[in-house]
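# Architecture at a glance
Letter by letter, the chains look like this.
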Amino acid sequence: MSVSSVEESEKASRSRRGVLCAKCEHLNETGVSTCKKCGGHLFVTCVDCGTRNERVLTRCTQCGRRLHRGMFEKHGRSFGKHIRNITPAHIFLYILALGLAFGLVVLFGNMSFSGLW
Ligand SMILES: [Zn+2]
Ligand SMILES: [Zn+2]
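First, a word on what this report is: a plain description of the structure on this page. (Residues numbered from 1 in each chain as written. Chains lettered and ligands numbered in written order. Predicted model: local features only at pLDDT ≥ 70, side-chain atom pairs only at ≥ 80, totals over all residues.)

Looking only at helices and strands, the chain has 3 helices and 4 strands in total. Listed by position from the N terminus, the elements making up the chain come as α-β-β-β-β-α-α. A burial count over the chain gives 9% of its 117 residues as buried. (Helix = DSSP H or I, 4+ residues; strand = E, 2+ residues; numbered from the N terminus. Buried ≥ 20, exposed ≤ 12 C-beta atoms within 10 Å, placed from the backbone.)

Here you go:
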């Protein structure tokens, strides 16, 4: 709880110089409603009290209601990142390790066979 409030106050202090884009983190001048860099919406209206909040904030400044289904979004994004971290080199190494293990099994199999005969 304390971590997220620190995060939010940090975001709020950053956004004082302008409106921070929730999508690309571009700092837009105050008074604009869409991001100049990516065109994303900078504000979100609270469904409970109708207050216009900056999209970077996770909770309504008036009533404290959650503005996004944030947790789910964040998890989805980090999961996607994990998948992108697996490079073709990783897959190659994995296959190489599998091949080596298989080769060793075959080798030992042959050796035990030759020992039996
Ligand atoms: Zn943007
Ligand atoms: Zn609200």
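This paragraph deals with unusual backbone geometry. Of note, glutamate 25 is a non-glycine position whose phi angle comes to about 65°, a positive value. The exposed category is assigned to glutamate 25, around which 12 C-beta atoms lie within 10 Å.

For threonine 45, the position within the fold is in strand E3 (residues 43-45). The exposure class assigned to threonine 45 is partly exposed, which follows from the 13 C-beta atoms found within 10 Å. For the pair threonine 45 and leucine 67, spaced 22 residues apart in sequence, the C-alpha separation works out to 7.9 Å.

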